[in-house]
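Structural overview for review
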Amino acid sequence: QVQLVESGGGLAQAGGSLRLSCAASGRSFRRSTMGWFRQTPGKEREFVAAMSWSGGNTWYADYVKGRFTISRDNVKNSVYLEMNSLKPEDTAVYYCAAVDKITVPRLESEYDYWGQGTQVTVSS
């Protein structure tokens, strides 16, 4: 059974940093595209960042470029989202997602597996 488990969320002040982790299990993700999405009540879920596990290619939403970094650890089978220079508008539930192919990384509909999410709250 494929399972994605997010962790690392919490409370941070504006300008601070958080590092989210996504532990992936159940199968090999070496040929997968891994993505991070976020959602705030009253808004649609939006793309944050993505990467190809094996190739190391990365993609970012414009509003996080220069602030967030996506990476992975092959030994730990984990994907990370390093968030710096946090803003109150970054407050959301962050979700880890995966699909067993290289695909269009910004499209939510392309992903087959999802974690349960982790809450990130950024105060002023």
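Residues numbered from 1 in each chain as written. Predicted model: local features only at pLDDT ≥ 70, side-chain atom pairs only at ≥ 80, totals over all residues. Heavy atoms only, no water.

A short note on the side chain of S21
Rule in force here: Where helices and strands are cited, they refer to DSSP runs of H or I of at least four residues and of E of at least two residues respectively, numbered from the N terminus. Summary of the burial criterion: residues with accessible area below 20% of their type's maximum are buried, those above 50% are exposed, and those between are partly exposed, where the area comes from a 1.4 Å probe applied to protein chains only. Contacts between residues were defined by any pair of non-hydrogen atoms, one from each residue, lying within 4.5 Å.
Secondary-structure assignment places S21 in strand β3 (residues 18-25). For S21, a relative accessible area of 18% corresponds to the buried category. Leave out the neighbours within four places in its chain, and S21 touches V5, E6, S7, W36, V79 and Y80.

A look at the pattern of salt bridges
Condition: Salt bridges are identified by distance alone: a Lys or Arg side-chain nitrogen within 4 Å of an Asp or Glu carboxyl oxygen.
According to the stated counting rule, one finds eight salt bridges in the structure shown. With a shortest N-O distance of 2.7 Å, E46 and R38 are connected by a salt bridge. By relative accessible area, which is 5% here, R38 ends up buried. Note that R67 is salt-bridged to D90, the shortest N-O span being 2.8 Å. Remark: D90 occurs in the loop between β8 (78-83) and β9 (92-99) and R67 occurs in the loop between β6 (58-60) and β7 (68-73); sequence separation between them is 23 residues.

Topic: unusual backbone geometry
In the Ramachandran plot, N77 falls in the positive-phi region, its phi being about 50° despite a non-glycine side chain. Examined against the element boundaries, N77 turns out to sit in the loop between β7 and β8. Looking at N77, the relative accessible area reads 32%, which means it is partly exposed. In this model, S85 sits at a positive phi of 50°, which is unusual for a non-glycine residue.

Overview of the side chain of E6
Formally: Counted as positive: Lys and Arg. Counted as negative: Asp and Glu. His and the chain ends are not counted at all. We call two N or O atoms a polar contact when they sit within 3.5 Å, provided that within protein one can donate a hydrogen and the other can accept it, with sequence-adjacent residues counted only if both atoms are side-chain atoms.
For E6, the position within the fold is in strand β1 (residues 3-7). The side chain of E6 sits in the buried core without any salt bridge; R45 is the nearest counter-charge, 7.9 Å away. Engagement of the side chain of E6 in a polar contact is seen with the backbone nitrogen of Q116, the distance being 3.1 Å. A polar atom in the side chain of E6 sits 2.9 Å from the backbone nitrogen of G117. Contacts of E6, omitting those with residues within four sequence positions, involve S21, C22, W36, Y94, Y95, C96, G115, Q116, G117 and T118.

Describing the packing of aromatic side chains
Ring pairs (aromatic) are described by centroid distance and by the angle formed between their planes. Stated formally: Note on aromatic pairs: the rings of Phe, Tyr and Trp (six-membered ring only in Trp) are paired at centre separations within 6.5 Å, and the planes decide the class, stacked below 30 degrees, edge-to-face beyond 60, tilted for the rest. Placement of a charge over a ring requires the Lys NZ or Arg CZ to be within 6 Å of the ring centre, with the centre-to-atom vector within 35 degrees of the ring normal.
Across all of its chains, the model carries five aromatic pairs by this definition. When the centroid spacing of 5.7 Å and the interplanar angle of 75° are considered together, the rings of F37 and F47 count as edge-to-face. Here F47 lies in strand β5 (residues 46-52) and F37 lies in strand β4 (residues 33-39), a separation of 10 residues in the sequence. On the basis of relative accessibility, which here comes to 8%, the residue F47 falls in the buried class. Each ring, one from F37 and one from Y111, has its centre 5.3 Å from the other, and the planes form 80°; the classification is edge-to-face. Of this pair, F37 sits in strand β4 while Y111 sits in the loop between β9 and β10 (113-114), and the two are 74 residues apart along the sequence. Taken together, the ring pairs connect F37, F47, Y111 and W114 into an aromatic cluster. The ring of Y80 is capped by R19, whose NZ or CZ atom sits 3.9 Å from the centre of that ring. The cationic tip of R45 hangs over the ring face of W114; the distance from NZ or CZ to the ring centre is 4.1 Å.

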